[in-house]
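Chains, contacts and geometry: an overview
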Amino acid sequence: MPRPTARTPRIAVIGGGIVGIALARALATGERGDVTVFEKERRLAVHQTGHNSGVVHAGLYYTPGSLKAELCARGRLQIRDFCLEKGLPYREVGKLVVAVDESELGALAEIERRSRENGVPDLERIDDSARLREIEPHVAGVAAVHSPHTAIVDYAAVTEALAVDARAAGADIRLGQEVTGLRIAGSTARVSTAHSEDEFDLVVACAGLQSDLVARLAGGDPSPKILPFRGEYWQLSPEANGLCRGMIYPVPDPRFPFLGVHFTRGVYDDVHLGPSAVPALAREGYSWRRISVKDTVASLAWPGAGPLLREHWYMGVDEISASLIKRRYFDKARRFVPELAMKHLVGKSAAGVRAQAWARDGSLIDDFAVDRLGPVTLIRNAPSPAATSSMAIADHVIKNYVN
Ligand SMILES: Cc1cc2nc3c(=O)[nH]c(=O)nc-3n(C[C@H](O)[C@H](O)[C@H](O)COP(=O)(O)OP(=O)(O)OC[C@H]3O[C@@H](n4cnc5c(N)ncnc54)[C@H](O)[C@@H]3O)c2cc1C
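Here's a quick rundown of the structure.

Rules of the game
Residues numbered from 1 in each chain as written. Predicted model: local features only at pLDDT ≥ 70, side-chain atom pairs only at ≥ 80, totals over all residues. Heavy atoms only, no water. Helix = DSSP H or I, 4+ residues; strand = E, 2+ residues; numbered from the N terminus. Contact = heavy atoms within 4.5 Å. Areas by Shrake-Rupley, 256 points an atom, 1.4 Å probe, with all protein chains shown as cover. Lys, Arg positive; Asp, Glu negative; His and termini not counted. Charge placed at Lys NZ, Arg CZ, Asp CG, Glu CD. Buried < 20%, exposed > 50% of the residue type's maximum accessible area, 1.4 Å probe, protein only. Pairing = 2+ DSSP bridges. Near = heavy atom within 4 Å. Polar contact = N/O pair within 3.5 Å; in protein donor to acceptor, adjacent residues only side chain to side chain. Nonpolar A, V, L, I, M, F, W, Y, C, P; charged D, E, K, R; others polar. Domains from an automatic or database assignment. Axes fitted to C-alpha atoms, helices over the stretch in contact; angles between N-to-C directions. Phe/Tyr/Trp six-rings, centres within 6.5 Å; stacked < 30°, edge-to-face > 60°. Lys NZ or Arg CZ within 6 Å of the ring centre and 35° of its normal.

**A word on the overall build of the protein**
- Helix and strand counts for the protein come out as 10 helices and 20 strands.
- Projected onto its principal axes, the C-alpha positions of the protein cover 80 × 45 × 35 Å.
- Put simply, 74% of the contacts in the protein that link residues at least 6 apart link residues at least 24 apart.
- Total accessible area on the protein is roughly 17,000 Å²; 53% of this is exposed by carbon and sulfur atoms.
- The averaged location of the 48 negative side-chain charges in the protein is 4 Å from the averaged location of its 49 positive side-chain charges.

The structure is reproduced here in structure tokens:
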């Protein structure tokens, strides 16, 4: 008599950003089950993955021992090897974090300490301006740390290439299919869209800006909620193209999970400035004109709104004024590259919106966060450096949540 064979697990992934597609690829190529991806847009990588700075971070800032620190270090190497294997552009242009005056030396020392604990390769501490200018001739500052292996890629192209592998290994990637229902029934979960209703043994939600909404579909805790922060960029004129060789960053405010407006040489050799961190008036609020009354009211009614406003109102005012007044944005960047002129900022380029998890007590959650509700695994916080870390996040989810 033939021995009964175990049925192949049916696995759904919600979200066709880089995290969802890296996961679908790892599941399909690792033969973990029959994989179906649901993406509400008609293309992959339409949201955070297609609207970011393209930096492959080397792990400078993250709290040692955190998931960010661990998965960024591993993910950087995986993204590098994947790009090399697929012939995708990967440029190690390096990154300089500059202290403009003595008041920033303490925060710079903390970044250096964390970088060394996180094993950032070939990190250099710089204390003399001659060496600073050897690396970035137009920079001004009293000290810096340099990470030569911080790189730049095109994350939308990486996601498409990951999807090619996933499809070749049998994954069914369904575009234009928004998940509107996610019901847990015992050990399985039913996923519904306007087109279908299917049963899965395991569902992993990688829904970015909608991760709290998808969690609620499954009956999950409304906390953490997603607070959307728009990152606005300015394009620099061709005459300013020589102002940076790689990436030049300020020392960020350690109380805030964003890195500050920086100069980035993109993978296609364009130089841009950004991103800022402006509270967005809609989850997909790519400009001031995109307003969702529902999203905005929900944010204002969130118990964490009062504590967040009390603690960070000055930062909000500063970012909003820099969004509305070009001179304010320019002043932030000119601090560490004094040759920058107003005329070099020729126009705003496509903004991105960050999905930042926000707890009931008002705190912004710093580390990556994953929850589990029976057969449903929910990625609840995957902000930067989640693009860098995407392939390592996929491995982490499989190791800890797929069995
Ligand atoms: C301005 C900015 C700059 C950044 N810079 C960097 C950087 O330089 N380096 C770095 O490593 N990271 C960076 N990040 C962070 C990085 O882009 C994100 O962490 C990463 O892209 C997250 O990927 P994701 O797949 O989780 O989310 P997303 O790319 O947002 O994908 C989520 C997907 O889920 C889909 N979805 C949502 N709800 C549903 C539903 N109900 N049904 C079906 N589909 C659904 C959405 O349409 C979306 O396509 C930056 C982010 C921003 C915004």
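**As for the environment of G176**
- Assignment of secondary structure puts G176 in the loop between β8 (172-174) and β9 (181-185).
- On the basis of relative accessibility, which here comes to 19%, the residue G176 falls in the buried class.
- Separated by 136 residues in sequence, G176 and K40 have C-alpha atoms that sit 4.5 Å apart.
- Residues in contact with G176, not counting those within four places in the same chain, are E39, K40, E41, R42 and H195.

**A closer look at the pairing of strand β4 (residues 95-99)**
- With 5 of 5 residues buried, β4 lies mostly within the body of the structure.
- Both faces of β4 are covered, namely the face carrying K95, V97 and A99 and the face carrying L96 and V98.
- Looking at chain direction, β4 and strand β6 (residues 143-147) are connected through 5 bridges and run antiparallel. Considered in β6, the bridge of V97 is made with V145.
- Relative to strand β14 (residues 247-250), β4 runs parallel, the two sharing 4 bridges.

**Section: the site of the ligand**
- The ligand sits among 39 residues. The nearest are E39, T49, V55, A382 and T388.
- A382 has a polar backbone atom sitting 2.7 Å from an oxygen atom of the ligand.
- A387 places a polar main-chain atom, nitrogen or oxygen, 3.4 Å from an oxygen atom of the ligand.
- Surface burial for the ligand is 97%, taken as the share of its 1,000 Å² of free accessible area covered by protein chains.
- Among the elements of the structure, α1 (18-29), β18 (345-358) and α10 (386-401) are those that each provide at least two residues to the shell around the ligand.
- A breakdown of the residues in the shell around the ligand according to their chemical character gives 17 nonpolar, 17 polar and 5 charged.
- There are two domains that each give the shell around the ligand at least three residues, and those are domain 1 (10-49 + 156-224 + 367-401) and domain 3 (225-364).

**Some words on the sheet that holds strand β10 (residues 188-192)**
- If you trace the 3 strands from one edge of the open sheet to the other, you get β9-β10-β11, paired in antiparallel fashion. Edge strands, defined here as strands with exactly one partner in the open sheet, are β9 and β11 (197-200). Going across the sheet, the axis of each strand differs from the next one's by a mean of 20°, ignoring polarity.

**Quick look at the side chain of S323**
- Considering the arrangement of structural elements, one finds S323 in helix α8 (residues 305-324).
- Judged by relative accessible area, S323 falls into the buried class, the value being 6%.
- Beyond its immediate stretch of four places on either side in the chain, S323 contacts E232, V278, W288 and K348.

**As for the packing of aromatic side chains**
- Tallied over the full model, the rule gives 7 aromatic pairs.
- Sitting above the plane of the Y249 ring, K95 keeps its charged end 3.7 Å from the centroid.
- Between the NZ or CZ atom of R354 and the centre of the ring of F258, over which it lies, the distance is 4.5 Å.

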